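# Structure at a glance
Residue strings, one per chain:
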Amino acid sequence: MKSRIVFAGGSGFIGNALTKLFSLRDYEVFILTRKIRERGDGVREIGWDGKHLGEWIQVLDGAEAVINLAGKSINCPHTPANLQQIVSSRVDSVNAIAAAIEQVKTPPHVWVQASAVGFYGDTKDKLCDEAAPNGNDSLAKICREWEAAFTVAKVPKTRKVILRIGFVLGRDGGALPVLSRLTKLFLGGSVGTGRQFISWIHLADLVQMFLTAVEKENLSGTFNAVGPKPVTNVEFMRELRHALHRPWSPPAPEFTVKIGARLMGSEPSLALVSQRCEPKFFLQAGFRFQFPQLRGALENLNS
Ligand SMILES: NC(=O)c1ccc[n+]([C@@H]2O[C@H](COP(=O)([O-])OP(=O)(O)OC[C@H]3O[C@@H](n4cnc5c(N)ncnc54)[C@H](OP(=O)(O)O)[C@@H]3O)[C@@H](O)[C@H]2O)c1
């Protein structure tokens, strides 16, 4: 019999890559979603509202793993109302999964919970491993509440792993396609001071980290899910221009980033904050990166 794996919020950017990978590895894949879609790839979607218990809990009974990716995108203006939805969509989904696991007869063996390196706040050029303290900006507080809900969940038969995810580079989602479009239009200059660090990771390496978290039975706790070589914004944009065969472009000062982000319905702090994180625990666990260098990652994604 196939092992069953359940993805909450598995219909998005990271979820798409993960459901493909686990289907190929012969798992029986389920997605918990607020909106069931037609699909022809064998992945099954089950309705939930991300908050309350319902019939969906049956799919967790006897599952090998549950992976929770659910949450409102942070790519929106960080108004008080949006921040409230960003946090509640995350905390509510964690609480719902915890309550479901408590109710089912055979709980999943492992629960992998998404978090973000935003946990550390704006760390300037300080290198953060998993022991670095929680920051104090809005996203750091949100990550604290998100992780706290997961940490207090009483699921003694289920191994628990948190992945603090960095800036994920993929073709079909996240911020890279937007940055690539701007760069192709000769708007690929650095932003703000350009000294802020970006803790990037290629999507292919991230999905292998999730696979490791599910399949390596002695793995538990909190892990930075980032590549081994964070770069400054200046270096990132230089490499992106190189990958897209574009010349030097003028830097965008902070006030233009603020105007541009507002026009694009986004949040300027996402481009201005500095996060310099290392995947210390994954490296200690012997994780091998397919794309340790930014140049190789960007060439792969633009090939
Ligand atoms: N992408 C990155 O670079 C990155 C970096 C750090 C952390 N992360 C974290 O990793 C997780 C997955 O990221 P992603 O890029 O795949 O995100 P995504 O594409 O936005 O997918 C997230 C999924 O969450 C569900 N969702 C959205 N709003 C929700 C709400 N209000 N209540 C319940 N569910 C909701 C949606 O599923 P349905 O519409 O089907 O319900 C959506 O497909 C997120 O929690 C994100 O914060 C991502």
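This section reports on the structure supplied with the text. (Residues numbered from 1 in each chain as written. Predicted model: local features only at pLDDT ≥ 70, side-chain atom pairs only at ≥ 80, totals over all residues.)

Moving on to the environment of Gly265. Note on placement: Gly265 falls in the loop between helix 7 (254-263) and helix 8 (269-272). As for Gly265 and Pro253, which are separated by 12 residues in sequence, their C-alpha atoms are 18 Å apart. (Helix = DSSP H or I, 4+ residues; strand = E, 2+ residues; numbered from the N terminus.)

Inspection of the secondary structure assignment puts Glu254 in helix 7. C-alpha separation for the pair Glu254 and Ile86, spaced 168 residues apart in sequence, amounts to 25 Å. Contacts of Glu254, omitting those with residues within four sequence positions, involve Gly192 and Leu272. (Contact = placed C-beta atoms within 7 Å.)

To continue, consider the site of the ligand. Every one of the 24 residues lining the ligand counts as a neighbour, but Gly9, Gly12, Thr33, Gly50 and Ser89 are closest to it. Listing elements by their share of the shell around the ligand, those giving two or more residues are helix 1 (13-24), helix 2 (80-103), strand 5 (110-116) and strand 8 (167-169). By residue number, the principal contributor to the shell around the ligand is helix 1, which donates three residues. Looking at the shell around the ligand residue by residue, the class counts come to nine nonpolar, 12 polar and three charged. (Near = placed C-beta within 6 Å. Nonpolar A, V, L, I, M, F, W, Y, C, P; charged D, E, K, R; others polar.)

Here we take up the packing of helix 2 against helix 3 (residues 138-152). Interaxial distance between helix 2 and helix 3 falls to 8 Å at its minimum, and their mutual angle equals 15°. Of the possible angle classes, the one that applies to helix 2 and helix 3 is roughly parallel. When you trace helix 2 past helix 3, the crossing you get is right-handed. Residue-level inspection shows Leu83, Ile86, Val87, Arg90, Val91, Val94 and Asn95 of helix 2 in contact with helix 3, the latter providing Ser138, Ile142, Glu145, Trp146, Ala149 and Phe150. For the contact of helix 2 with helix 3, the class distribution of residues is nine nonpolar, two polar and two charged. (Axes fitted to C-alpha atoms, helices over the stretch in contact; angles between N-to-C directions. Parallel < 35°, antiparallel > 145°, perpendicular 65-115°, else oblique. Left-handed = near helix turned anticlockwise from the far one by under 90°.)

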